[in-house]
Structure formats: structure tokens, C-alpha cells
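# Tertiary structure, described
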Amino acid sequence: MSNLIFSDSFINGEFYKTDTRFSVDDPATEKSIVNVSDIDEQGVNKAITAAQGAFSKLKATNATERSETLMRWYELVIKHKQTLAELMTKEQGKPLKESLGEIDYGAGFIKWYAEEAKRSYGDVIPATDNNHRLTSFKQPIGVVAGITPWNFPVAMVTRKVAPAYAAGCSFILKPSEHTPLCAIALAYLADQAGFVKGAFNVLVSQNAKKVGEMLTDSEVVRKFTFTGSTGVGKQLLSQCASTIKRTSMELGGNAPFIIFDNADINDAIDGLMAAKFRNSGQACVAANRIFIQRNVLNEVLEKITPKIAALKVANGFEEGVDIGPLIYPKAKEKVQQLIQDALNKGATLIGDQRDLGGSFQNPVIITNVTTHMDIYHQEVFGPVLTVIPFDNEAEVLALSNDVPYGLAAYFYSQNIKQIHRVSEALEFGMIGINEGVISNPVAPFGGVKQSGLGREGGHQGLNEYLEEKYVCIRI
Ligand code: ADP
């Protein structure tokens, strides 16, 4: 189909239709794009069986074949870049230029793992006596199930499915009910690229809990990978305990973004604009708590205020748009509650709080934020710059680390000693120094503390789908 809009789950290389349907809505217009099939129990079981069968067939493939198949998938995604980007803006709302960027970023994972497929080396271990030879090698874990969120509907899928296929695992994906269309299109293109039938199944469902339970309860599923909120991640992790599945969890963050007084302020502002307002602030690595050293606070605020006022908030398809709608009206309600709570507790608002209607949220700055405000502790997931002044390095390090999360952190400094000290002291899995956009298919993405388990991207991302087998031979 030329617009790549499909309305059913995809199992064993075929569309799977059900009579119960639900609407996928465009967050900008709040109109329905299409009614999609809601998967039934039979469909989930069919996908598990298909993935099991595909895993047996994948065992007969080699790394070079899988690499070539992934490369064909990559080429198809790039060939359909414009169509996929338009589909993403329609179902997710982000500006078209950002959707185009996400297709490149998401396709980047496919290309990277097409290359890494050929590099899952084992070890030859020096023996401890003359009568033994010791080696270890890597094998695919088996059937993988994954659940993905709505904020990056392509990249969150490819960064899981591509390394799984590279390793020789089959995959059952339940994408977010808000953005299933990109996921189905990706599975369709993977099939066209020659994926083993049943190696990439997509289950579209409005009942995430039920599908999640079936997948986590299954003995056939050997690995579970999730990207989403910490609360749901904890629940799924406990569900995986009964069958001791390998797990990867990419959960929530509460990223500090620190501007020290010796920073290049103009660079810091550019980095902050990118780290805060990309995807309307709806990213787990979005700058959430902006710490600004007190003696440069006024300068930063004076320079950033007009830039924020100039951001164009509109339908992602409009020319020159910077900020699309939030994913649904409830998301906007939550952002407004956080703003209100902060203002009630003494924070100051800079910016236009006029209601733009629908799920559109004006970008604003809130200064004088303190630790007793909800906005300090929660992921804002909206275009709100939350500013906390600080006086010295020790104070800002203590504040930055004093949260249960540890995904991304950013800081701007031109002092080399401070750069080393601070990057070592921040308890986060990823650090951006004088840079506000750090995600990259070639680098390990992931968090510490309650931000998750495991890494996606880089050579590390392939290991998440591999078991290590030790072989001891007596000679
Ligand atoms: P967000 O707030 O970003 O939507 P969620 O963690 O609620 O984050 O959702 C991420 C993904 O998890 C989505 O695909 C959603 O359908 C799924 N999900 C939500 N609740 C559950 C659950 N109880 N069990 C399994 N999956 C769930």
C-alpha cells in the first residue's frame, strides 16, 4: 500500500484481523486516522507459536544472511522515509522535520545491527592445565517479546527488533495503542525485505495489561524488553520473575541540565533548547530540571526567553512548526497541573499561558523551582523549562543525584577539571557535556537506578539478545 497505513496486527507474515476495533487518532486534529483491529487471545497465542517456529528457522540462517536481510530492511525504510515520516506526524503529532529525523535515527539502528550481526565473537580462554581446551560462544536467546511507547514510534521499535534479528531471535512486539501504525508499517517492510516469516510480529491492542500478561507468562518467550514508564516497568519485571526471563528495561528519567558559570552561555542555550523542546519535551532523556549557576541566571533567562517565545506551536505538518501537540488531552492536563502546583508553591512563570486548545501546550519557563514542588520530582513530558538556581558544584551534584532515576544528565562547562569531576560524580547512565542531543545508534543508551536495566544501541545492544555458552573439552 502506497501510504503504508495498515489496520491489523501482523502475525507470521500476514495481517490478522479481528472484529473488535478501536480508533487511532491524530493528536493535532483529534480526528480518527483509521480503526485498527484489537488483538484477541487467539491472536496472541498465534504470534507466540509463529515466533517459536521462526526461531527454529532462524537457527538455520547465518550471520551474513541476517546482515543482508537487515540491510534490505534498512534500504526499504529509507526508500519510504517521507511516507513513514508523514505517518509518524499523523499518529504521534511531532513536527514533520523531527519525524524525518527519527526515520534516519531509527533506520540507523537497523544499519548498525546489520553490521554488528557479523561480530558476535566468542572467546578462547587460556586453560588452567594441559588437558583441557576452554572456549565460549554466543547464541540467540530465543523468542523475544517487547512493549514500546508512543514518543518515538519508529526508533523505539528498530533499536529492539534489529539487534534481536541480528542475533537470530524472533520478536513479538506490542507497540503503544496510540502509535501502532508505524510499527505495523515497519513489520510489513521487514517482511518485504525477506525476514523469516514469524520473526517480527506486531500485536495491536488496547488492552496492554492483558497482552503483557500473556507474553510475560509464556514459557516460550525467553526475553522481555520494555520501554516506558518506571511504574509499568516494575510491574512487568515482577511478571517476568515467574519464568526467569532475561529483561531489558528503558524506564523514566529526570534529567538534570546544569549550566555552570564558566560555560559558553550561547552554546548552553542552544543545547538546552534541543534537549528540552524536541518532541515537545516528550522524551525520557529530555532536560527536566534546569540548574543554572546564580551569577549567570539573569543572562541565561534574558537570552532564552525570546527564543522560547518565538517557538511556533502548531500541527506538525505546518511550515516552520517547532512544537506539535502533546500526545493526547490528558497529557496536557498533567502538564498544566504540574505548572499550577509549582505556581501555588511560589514559583514564577515567564511566558504565555494562553490555552491554545486541543492538546497544544505553549512552551513556558518556570523559575525559582524548589524541591517541594511536584514538577521537580516528576518527568514533565511537556514544553516547560523548569529552572532551579544553584550556588556551587557540590550543591548541584547533590541535587542532581537526589532522585530515584538515573538516565541522562547534561552539563555545560569549559573547565576541564570540572568536566572530569562532574561526569564521574553524576549517577546517570548517559552524560552530555556541552551537548544537548546525545542519542546515537552506535552508543550504549540506558539508565542506572530506577531508570532501567541493560543497554540499547552500540555493540552492547546486541548482547542483550545473546546467551553465552561455555564449552570445556578434555583432550
Ligand atoms: P507512557 O506514559 O509513556 O504511555 P506507559 O508505560 O504507560 O508509558 O506505556 C508504555 C507502553 O506500555 C505502551 O505500549 C502501553 O500500552 C504499555 N503498557 C501500559 N500499561 C501496561 C501494563 N500494565 N502491562 C503491559 N503493558 C502496559
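The model shown is predicted, which means the values in this text are computed figures rather than measured ones. (Residues numbered from 1 in each chain as written. Predicted model: local features only at pLDDT ≥ 70, side-chain atom pairs only at ≥ 80, totals over all residues. Heavy atoms only, no water.)

## Quick word on empty space enclosed by the protein
Enumeration over the complete set of coordinates arrives at three cavities of 30 Å³ or more. Estimated volume of the largest cavity: approximately 80 Å³. Taken together, Y105, N151, F152, M156, R159, R278, A283, C284, V285, S439 and F445 make up the full set of residues lining the largest cavity. Grouping the amino acids of the lining of the largest cavity by side-chain chemistry returns seven nonpolar, two polar and two charged. Mapped onto the domain boundaries, the lining of the largest cavity takes at least three residues apiece from domain 1 (2–251 + 451–474) and domain 2 (255–441). If you add up the space inside the second largest cavity, you get close to 60 Å³. The wall of the second largest cavity is formed by A274, A275, R278, A283, V285, A286, Y410, G436, V437, I438 and S439. A class-by-class count of the residues in the lining of the second largest cavity yields eight nonpolar, two polar and one charged. (1 Å grid on protein atoms, 1.4 Å probe; cavity = no way out; pocket = protein on both sides within 12 Å on 5 of 7 lines; lining within 4 Å. Points joined across faces, edges and corners; volume = space filled by probe spheres on them. Nonpolar A, V, L, I, M, F, W, Y, C, P; charged D, E, K, R; others polar. Domains from an automatic or database assignment.)

## Section: the site of the ligand
Contacts to the ligand come from 15 residues, most closely from T148, W150, K174, E177 and S229. In the model, an oxygen atom of the ligand is placed 2.9 Å from a nitrogen or oxygen of the W150 side chain. In the complex, the protein chains occlude 79% of the 550 Å² of accessible area that the ligand would expose alone. In this structure, the ligand is accommodated by the largest pocket. Mapped onto the shell around the ligand, the elements with two or more residues apiece are α7 (208–217), β10 (221–227) and α8 (230–241). Class assignment of the residues belonging to the shell around the ligand gives a composition of seven nonpolar, five polar and three charged. (Near = heavy atom within 4 Å. Polar contact = N/O pair within 3.5 Å; in protein donor to acceptor, adjacent residues only side chain to side chain. Areas by Shrake-Rupley, 256 points an atom, 1.4 Å probe, with all protein chains shown as cover. Sits in = over half its atoms within 2 Å of the grid points. Helix = DSSP H or I, 4+ residues; strand = E, 2+ residues; numbered from the N terminus.)

## Let's talk about helix α4 (residues 96–116)
A rise of 1.5 Å per residue sets the reference length of α4, with its 21 residues, at 30 Å; its end C-alpha atoms lie 30 Å apart and thus fit the reference within 8%. For α4, the buried fraction is high: 15 of the 21 residues fall into the buried class. (Expected span 1.5 Å × (residues − 1). Buried < 20%, exposed > 50% of the residue type's maximum accessible area, 1.4 Å probe, protein only.)

## Description of the sheet that holds strand β5 (residues 123–125)
The strand order across the open sheet formed by three strands is β5-β6-β22, and the pairing between neighbours is antiparallel. The outermost strands of the open sheet, each flanked by one partner alone, are β5 and β22 (466–474). When strand polarity is set aside, the average angle formed by the axes of neighbouring strands in this sheet is 20 degrees. Sheet topology places strand β6 (residues 132–140) next to β22; nine bridges connect them, and they run antiparallel. Bridge pairing in β22 places F137 opposite K469. (Pairing = 2+ DSSP bridges. Axes fitted to C-alpha atoms, helices over the stretch in contact; angles between N-to-C directions.)

## A few points about the side chain of T216
Within the secondary structure, T216 is located in helix α7. Within polar-contact distance, the side chain of T216 engages the backbone oxygen of G212 at 2.8 Å.

## Brief notes about the packing of aromatic side chains
As enumerated under the stated definition, the model contains 16 aromatic pairs in all. Each ring, one from Y105 and one from F109, has its centre 5.1 Å from the other, and the planes form 65 degrees; the classification is edge-to-face. Here Y105 pairs with F109, and both are found in helix α4, just four residues apart, close to one helical turn. Each of the two residues, Y105 as well as F109, counts as buried. Plain terms: the ring middles of F195 and F200 are 6.4 Å apart, the flat faces sit at 50 degrees to each other, and that makes the pair tilted. Taking the relative accessible area as the measure of exposure, F200 reaches 3% and is therefore buried. What links up through ring pairs into an aromatic cluster is the set F6, F10, F15 and Y188. (Phe/Tyr/Trp six-rings, centres within 6.5 Å; stacked < 30°, edge-to-face > 60°.)

## Some thoughts on the nonpolar core
Core analysis: the biggest nonpolar cluster contains 103 residues, and W73 and F200 have the highest contact counts within it. Here this core spans two domains, and each of domain 1 (2–251 + 451–474) and domain 2 (255–441) adds at least three residues to it. Ignoring sequence-local partners within four residues, the contact set of F200 consists of F10, W73, V157, V161, F171, L173, A183, L186, A187, A190 and F195. Core analysis: the second largest hydrophobic core is formed by 32 residues, A331, V364, F390 and L399 among them. (Core = buried A, V, L, I, M, F, W, Y, C linked by side-chain atoms within 4.5 Å. Contact = heavy atoms within 4.5 Å.)

## A look at the pattern of salt bridges
What the rule picks out here adds up to 24 salt bridges. Linking E456 and R159 is a salt bridge whose minimum nitrogen-to-oxygen distance equals 3.2 Å. One end of the pair, E456, is in the loop between β21 (452–453) and α15 (460–463); the other, R159, is in helix α5 (residues 155–167), with 297 residues separating them in the sequence. Using a relative accessible area of 2% as the deciding quantity, one classes R159 as buried. Through salt bridges with shared partners, a single ionic network connects D8, K17 and R21. (Salt bridge = Lys/Arg side-chain N within 4 Å of Asp/Glu carboxyl O.)

## Quick notes on the domain arrangement of the protein chain
It is common to give the size of an interface as the accessible area lost on bringing the parts into contact. With domains assigned, the protein chain is organised as domain 1 (2–251 + 451–474) and domain 2 (255–441). For domain 1 and domain 2, the distance between their C-alpha centroids amounts to 31 Å. Of the roughly 2300 Å² buried where domain 1 meets domain 2, counting both sides, 60% is carbon and sulfur surface. Across the contact surface, domain 1 and domain 2 share one salt bridge. Our enumeration of links across domain 1 and domain 2 arrives at ten residue pairs in polar contact (both at pLDDT 80 or more). Of all the secondary structure elements, the ones that give two or more residues to the side of domain 1 that touches domain 2 are α3 (81–92) and α4. It is α4 that provides the largest number of residues to the side of domain 1 that touches domain 2, a total of seven residues. Of the residues that constitute the side of domain 1 that touches domain 2, the class distribution is ten nonpolar, eleven polar and nine charged. (Buried area = accessible area lost by both parts, 1.4 Å probe.)

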